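This is what each chain is made of:
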Amino acid sequence: MEAIEVLGAELVVWPDASMGCPDPEMMYIQVPHDGSLIRLQVGEAVFEYHTGGDRPPFLCEEPSAPAGPPKQQDSDSD
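Residues numbered from 1 in each chain as written. Predicted model: local features only at pLDDT ≥ 70, side-chain atom pairs only at ≥ 80, totals over all residues. Heavy atoms only, no water.

**What about the overall build of the chain?**
Note the cut-off: What counts as a helix is a DSSP run of H or I of at least four residues, what counts as a strand is a run of E of at least two, and both are numbered from the N terminus. Each radius of gyration reported is based on C-alpha atoms, and the globular scaling rule is 2.2 Å times the count of residues to the power 0.38. Accessible area is worked out with a 1.4 Å probe on protein chains only. A residue is then buried under 20% of its type maximum, exposed over 50%, and partly exposed in between. By the convention used here, residues are in contact when the closest approach between their heavy atoms is within 4.5 Å. Each accessible area is a Shrake-Rupley result for a 1.4 Å probe, and residues are judged covered by the shown protein chains and nothing else.
The helix and strand inventory of the chain stands at zero helices and four strands. The N-to-C order of helical and strand elements in the chain reads β-β-β-β. In terms of C-alpha radius of gyration, the chain reaches 15 Å, well past the compact-globule figure of 12 Å for 78 residues. With the principal axes as the frame, the chain shows a C-alpha extent of 55 × 35 × 20 Å. The buried share of the chain, reckoned over its 78 residues, is 26%. Of the contacts made within the chain by residues no fewer than 6 positions apart, 51% connect residues no fewer than 24 positions apart. Looking at the chain as shown, the accessible area adds up to about 6,100 Å², and 53% of this sits on carbon and sulfur atoms.

So this is what it looks like as structure tokens:
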């Protein structure tokens, strides 16, 4: 049995409601969504799990890139 290695987990902004895993037969609301990208490796295989909003993590077999990292909120020290 091979071990599961966590390659990374990061907060991202997905470009639309597909959460970076678009189905070519579907249409998605074109609004950025805050979410997460989790990358796991088992042997030579790498698996991406995507999440965003209220959607739990799901395996994405044909991922697209996130729009970028989430926007940092400014903190006022005044």
